[in-house]
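Residue-level listing of the chains:
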Amino acid sequence: PQPPASGPTETTIHIMGEQLSPDEKLHLITRNLQEVLGEEKIKQVLAERELKVYWGTATTGKPHVAYFVPMSKIADFLKAGCEVTILFADLHAFLDNMKAPWELLALRVQYYEQVIKAMLESIGVPLDKLKFIKGTEYQLSREYTLDVYRLSSMVTEHDAKKAGAEVVKQVDHPLLSGLLYPGLQALDEEYLKVDAQFGGVDQRKIFTLAEKYLPTLGYAKRSHLMNPMVPGLTGSKMSSSEEESKIDLLDRKEDVKKKLKKAFCEPGNIENNGVLSFVKHVLFPLAGEFSIKRDPKFGGDKIYTNFEEVEKEFSEELIHPGDLKASVEVALNKLLDPIRKKFESPELRKLTNLAYPDPSKNKGPGKGNPKAAEDDELVPSRLDIRVGKVISVEKHPDADSLYLEKIDVGEAEPRTVVSGLVAYVSQEALQDRLVLLLCNLKPQKMRGVESQAMLLCASIEGDPRRVEPLDPPEGSAPGDRVYVEGYETGKPDDKLNPKKKVWEKLQVDLKVSADCVAQWQDKHLMTKLGNITCKTLKGGNIS
């Protein structure tokens, strides 16, 4: 989408590297940064050629408006003629206490790529000047893997833990993966062939680890460019995991207004002021000016051409917090409009829902217990659904409404299954047919016989109630795994905990579509051969 016609994005950023002196380039590259390590090396490179720099982002929570801070620096790098690479660090997202489950990684990378490109377009950055790369495109190569092992034989556990302390999620029982994280980030500098890495000042310990250890592998020491940590709207670091501290890039205008209203912005207080920080680190670098809109009786509209003046007038209480917030709201919505517009497309709406499937703020129970956190995540890949073949079917000796079936699910022995289908399906219709079984429920005694799985059927309530077993695709074999599209790689629970009611909670969203296809939350149930269907019960429930 085109940037809006006015405001901070009206002029596309032109690559000005050719017309700038090395000193002017250095000024652009380093302005607004909190710290630079290896500035002399950068000067040497700029005297000879353009600087190669990369910024990496772990594809975990949804990017929010604080991501405009690194984006506006990326715009500075491009203005200075730098060659910029953006790394979508998917493997890092997994290593950091499994912030991104493996089955969602590919979808999250797609989401990050779309949303970050939309942000860059919104601020007028030409995408053809950037290189985008996914971590797993090179981090699983033989050479890289060997370097990880070489590095792990040199880095002490103490150094690795210290390096990740401000970046990797800190838990009571840290995983080994979190210790690998900083080393991989160091190696990325060599494998992306850059002169410098850019990141937040929270990455400083990882940067110094890279400076210390890359030379021991025979690789050059790189320079490091560090942004300050911009306070979030609550006055702390803006975080993807704290709903109220962040404005999502797809938030509606009324939500932006509501969240800005709650933002910490005390009259005259310039410390930890997230609203002022946004003006300094995003709006000024992009537009070169900032305009305050207010009632004439409070001084009327005013355009500021440098941030220091805004900060001074705010500290002297010449700018009211309400006017500052209202003016930031206008500028922010101008940045967000093209992103919202792009994400109105059905494909990107679908991608958003698949990459971030569970909007309920489900926090895992125990810190440092990833298994327990995983157990609380309601994803359909936790269900062990398989294709089965009915080998024998007979009436239950003690219950007229129940069948007793032996069903082959690809294991050494067939499973015994008890199902209440006598009133709906004849014995002949069940014999030798392929069915779907939920195999990881706790075995349950039904009138004296233990049932080791549940035969899944579609049903429509009414008089009479109608029930049909679900059909796997033609050519299916006993033991074929059934999954929900988008959740192909998740691992089923060994046994579903009956107290957690995982099946009951997931079952609510299982339905038959108007085309007789079995679905969970409108996503198809399928095997590698195609969709799961039923004969006639459109719109039916599945249980």
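These numbers were taken from a predicted model, which means no experiment stands behind them. Each chain has its residues counted from 1, running along the sequence as written. Note on the predicted model: pLDDT of at least 70 is required for a residue's local features to be given, and 80 or more for side-chain atom pairs to be given and counted; whole-chain, interface and lining totals, by contrast, use all residues. Side-chain numbers come from the whole structure's heavy atoms, not from hydrogens or water.

Peer 1: Please set out the sheet that holds strand 5 (residues 196–200) residue by residue, giving values where relevant.
Peer 2: Strand order across the open sheet formed by six strands is 1-6-5-2-3-4, with mixed pairing between neighbours. Two strands lie at the open edges of the sheet, namely strand 1 (35–37) and strand 4 (130–134), each paired on one side alone. Between one strand axis and the next, the sheet turns by 20° as a mean value, whatever way the strands run. Strands were regarded as paired on the criterion that DSSP finds at least two bridges between them. Only DSSP runs of H or I covering at least 4 residues are called helices, and only runs of E covering at least 2 are called strands; the numbering of each starts at the N terminus. Between the N-to-C directions of two axes lies an angle of 0 to 180 degrees, each axis being a line fitted to C-alpha atoms and, for a helix, fitted only over the stretch in contact.

Peer 1: Give a detailed account of the packing of aromatic side chains, specifying residues and quantitative values.
Peer 2: In summary, the pairing rule links any two rings of Phe, Tyr or Trp, Trp by its six-membered ring, whose centres are within 6.5 Å, and it sorts them by plane angle into stacked for under 30 degrees, edge-to-face for over 60 and tilted for everything else. Evaluation of the coordinates by the stated rule reveals 11 aromatic pairs. A ring pair is formed by tryptophan 55 and tyrosine 67, whose centres lie 6.4 Å apart and whose planes are at 80°; its orientation type is edge-to-face. Taken as a pair, tryptophan 55 in strand 2 (residues 52–58) and tyrosine 67 in the loop between strand 2 and helix 3 (68–79) lie far apart in primary sequence, 12 residues in all. One exposure class covers both tryptophan 55 and tyrosine 67, and it is buried. Seen in terms of ring centroids, tyrosine 487 and tryptophan 520 are 5.8 Å apart; in terms of plane orientation they differ by 90°. Their pairing is edge-to-face. Here tyrosine 487, found in the loop between strand 18 (481–484) and helix 17 (502–507), pairs with tryptophan 520, found in strand 20 (residues 518–520); they are 33 residues apart in sequence, far enough to count as distant. A 1.4 Å probe rolled over the protein chains alone gives each residue an accessible area, and that area as a share of the maximum for its type sets the label: buried under 20%, exposed over 50%, partly exposed in between.

Peer 1: An account of the UniProt feature "domain: TRNA-binding" (unreviewed entry) in the chain is requested, with residue identities and associated values reported.
Peer 2: UniProt positions are given in the numbering used here, feature names are shortened, and annotations may be inferred rather than shown by experiment. UniProt tags residues 379–483 as "domain: TRNA-binding" (unreviewed entry). The annotated region residues 379–483 carries 4% helix and 49% strand content, and the separation between its end C-alpha atoms amounts to 11 Å.

Peer 1: If you had to explain the domain arrangement of the chain to someone new, which residues and values would you point to?
Peer 2: The domain boundaries assigned to the chain delineate domain 1 (22–227), domain 2 (253–355) and domain 3 (380–542). For each domain, the first and last residues come from an automatic or database assignment. The distance between the C-alpha centroids of domain 2 and domain 3 comes to 53 Å.

Peer 1: Residues and numbers for the pairing of strand 18, please.
Peer 2: Looking at chain direction, strand 9 (residues 385–396) and strand 18 are connected through two bridges and run antiparallel. In the strand pairing of strand 18, isoleucine 385 is matched with valine 482. Pairing analysis gives two bridges linking strand 18 to strand 21 (residues 523–527), with the strands arranged antiparallel. Looking across to strand 21, one finds that valine 484 is bridged to leucine 525.

Peer 1: Could you give an account of helix 13 (residues 321–342), with specific residues and numbers?
Peer 2: Each residue after the first adds 1.5 Å to the expected span of a helix. Between its terminal C-alpha atoms helix 13 stretches 32 Å, which fits the 32 Å expected from 22 residues at 1.5 Å a residue. Within helix 13, the axis deviates most sharply at leucine 336, by approximately 35°, and proline proline 338 lies no more than four positions further along. Taking burial as the measure, the 22 residues of helix 13 include 16 buried ones, the bulk of the element. Bend, in this description, refers to the angle at a residue between axes fitted to the seven residues ending there and the seven starting there.

Peer 1: Just give me the short version of the packing of helix 3 against helix 5 (residues 102–122), but keep the residues and values in it.
Peer 2: In helix packing, the relevant descriptors are the interaxial angle and the interaxial distance, both defined with respect to the helix axes. Two numbers describe how helix 3 lies on helix 5: the axes approach to 10 Å, and their chain directions differ by 60°. Classified by the angle between their axes, helix 3 and helix 5 sit oblique to one another. Handedness of the crossing formed by helix 3 with helix 5: right-handed. Across from Phe68, Met71 and Ile74 in helix 3, the residues of helix 5 making contact are Ile116, Met119, Leu120 and Ser122. Put simply, Ala, Val, Leu, Ile, Met, Phe, Trp, Tyr, Cys and Pro go in the nonpolar bin, Asp, Glu, Lys and Arg in the charged bin, and everything else, Gly too, in the polar bin. A breakdown of the residues in the contact of helix 3 with helix 5 according to their chemical character gives six nonpolar, one polar and no charged. Small angles under 35 degrees read as roughly parallel and large ones over 145 as roughly antiparallel, with 65 to 115 read as roughly perpendicular and the rest as oblique. Two helices crossing with the near one rotated counterclockwise from the far one by less than a right angle form a left-handed crossing, whereas a clockwise rotation gives a right-handed crossing. When checking whether two residues touch, look at their non-hydrogen atoms; a contact exists if any pair is within 4.5 Å.

Peer 1: Mind laying out unusual backbone geometry, listing which residues take part and the relevant values?
Peer 2: At the junction of aspartate 463 and proline 464, the peptide bond is cis and its omega measures out at 5° in the coordinates. Summarising the element assignment, proline 464 is placed in the loop between strand 16 (457–460) and strand 17 (466–469). The phi dihedral of asparagine 272 falls on the positive side, at around 50°, and the residue is not glycine. Looking at where asparagine 272 falls in the secondary structure, it is placed in the loop between helix 10 (253–262) and helix 11 (274–287). For lysine 501, which is not a glycine, the phi torsion comes out positive at approximately 50°. Inspection of the secondary structure puts lysine 501 in the loop between strand 18 and helix 17. Given a relative accessible area of 44%, lysine 501 falls into the partly exposed group.

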